[in-house]
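Each chain is listed here by its residues.
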Amino acid sequence: KHAKRGQKESIPSVRFDEIGGQERAKRELIEALDFLIHRDQIASYGIRPIKGILLTGPPGTGKTLMAKAAAHYTNSVFVSASGSEFVEMYVGVGAGRIRDLFRDARTLARKKGKTSAIIFIDEIDVIGGKREGSQHREYDQTLNQLLTEMDGIQADQDVRILVMAATNRKDMLDSALLRPGRFDRHITVDLPDKKARKQILSLHTRNKPLGDDVDLDQIAGETFGFSGAQLESLTNEAAIYAMRENQTEIQQKHFSQAIDKVMMGEKTDRETTQ
Ligand code: ATP
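Residues numbered from 1 in each chain as written. Predicted model: local features only at pLDDT ≥ 70, side-chain atom pairs only at ≥ 80, totals over all residues. Heavy atoms only, no water.

Caption draft 1: Layout of the side chain of threonine 56. Within the secondary structure, threonine 56 sits in strand E2 (residues 52–56). Residue threonine 56 is classed as buried on the basis of its relative accessible area, which comes to 8%. Those residues in contact with threonine 56, other than ones at most four positions away along the chain, are Lys63, Thr167, Lys170, Ile187, Thr188 and Val189. (Helix = DSSP H or I, 4+ residues; strand = E, 2+ residues; numbered from the N terminus. Buried < 20%, exposed > 50% of the residue type's maximum accessible area, 1.4 Å probe, protein only. Contact = heavy atoms within 4.5 Å.)

Caption draft 2: Spatial organisation of a negative patch on the surface. Taken together, the side chains of Asp212, Asp213, Asp215, Glu222 and Glu249 make up a negatively charged region of the molecular surface. Among the secondary structure elements, glutamate 222 is positioned in the loop between helix H9 (216–221) and helix H10 (228–244). (Patch = residues over 30% accessible without salt bridge, like charges linked within 9 Å, V, L, I, M, F, W, Y side chains within 5 Å. Areas by Shrake-Rupley, 256 points an atom, 1.4 Å probe, with all protein chains shown as cover. Salt bridge = Lys/Arg side-chain N within 4 Å of Asp/Glu carboxyl O. Lys, Arg positive; Asp, Glu negative; His and termini not counted. Charge placed at Lys NZ, Arg CZ, Asp CG, Glu CD.)

Caption draft 3: Focus on the pairing of strand E4 (residues 116–122). Burial of E4 is extensive: seven of the seven residues sit out of reach of the surface. Of the two faces of E4, the one carrying Ser116, Ile118, Phe120 and Asp122 and the one carrying Ala117, Ile119 and Ile121 are both buried. Taken together, the six bridges between strand E3 (residues 77–82) and E4 define a ladder with parallel strand orientation. Paired with valine 79 across the bridge in E4 is isoleucine 119. As a crossover connection, the stretch from E3 through helix H4 (residues 93–111) into E4 is right-handed. The pairing of E4 with strand E5 (residues 160–167) spans six bridges and is classified as parallel. By the bridge assignment, isoleucine 118 is partnered in E5 with leucine 162. (Pairing = 2+ DSSP bridges. Right-handed = clockwise from strand over helix to strand, strands pointing away.)

Caption draft 4: Spatial organisation of the nonpolar core. Of all hydrophobic cores here, the largest spans 30 residues; its most connected members are Phe102, Ile124, Leu146 and Ile161. Elements with a contribution of two residues or more to this core: E3, H4, E4, helix H6 (140–151), E5 and helix H7 (175–178). Looking at this core, the element that brings in the most residues is H4, giving six residues. Not counting residues within four places of it along the chain, the set of residues in contact with leucine 146 comprises Ile98, Phe102, Ile121, Ile124, Ile127, Leu177 and Phe183. Counting 24 residues, the second-largest nonpolar core is a separate cluster that includes Ala69, Ala70, Leu162 and Ala166. (Core = buried A, V, L, I, M, F, W, Y, C linked by side-chain atoms within 4.5 Å.)

Pasting the structure below:
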């Protein structure tokens, strides 16, 4: 999903209205982002800038999409990294990678004539796990570098940096990360309810030929527990079933087959990881 390193999109095209459901999360995020947009006003009240926003929730619920939409909304350049990149890095390399990430964000923003940058770190728990008794001492330098960079963010810099991070294990994070001035805003991105599932299904079938018998409401009702990513996969699988049968349109039965397939896939995933 993320290029291994140095992945840069200058400004992502994702808009908040392309994210199904997540109404409360979007509202809370936009409220925080308005601080970034109206930073001069914020500064005149002596309000401390928001430096870090933590998105928490199960895999595939749209956390990355939210971070990209945040960059689009605030006209910020976007750079990203994933905690998993830091696994098995030699001591010091991870810290260097963090330093580069912040430097790249500033350089890219200047090059694009933008005044803000969003740095997105997926799977933050890999580098920001609790330090007490941890066996992952090699991550300490990486985490320390991240904390140093965040502490160095000032409201009056020519490029304002906002760090967004995602995790599905908030309880695992080191408390140093959660202190005021660091990741002190937490937004929960939950699995979609039925209404949200229907919205997500509609979004991902916009560009697909749907037969008259397709009932997205019914499909939403039959996909309790599915994440946005699984729903996206479901629409794709349904289209593949239709194509295999040389049908010009996707029918309800193709969706039923696809539901079984996605559910089975989950089961095998679990079996292989346990
Ligand atoms: P992970 O924790 O596994 O990194 P994530 O929460 O960051 O997952 P995304 O990468 O944002 O999830 O979502 C993966 C894909 O699933 C998206 O590119 C999109 O196609 C689809 N998706 C997930 N949530 C939504 C949503 N709320 N609305 C529309 N599409 C969604």
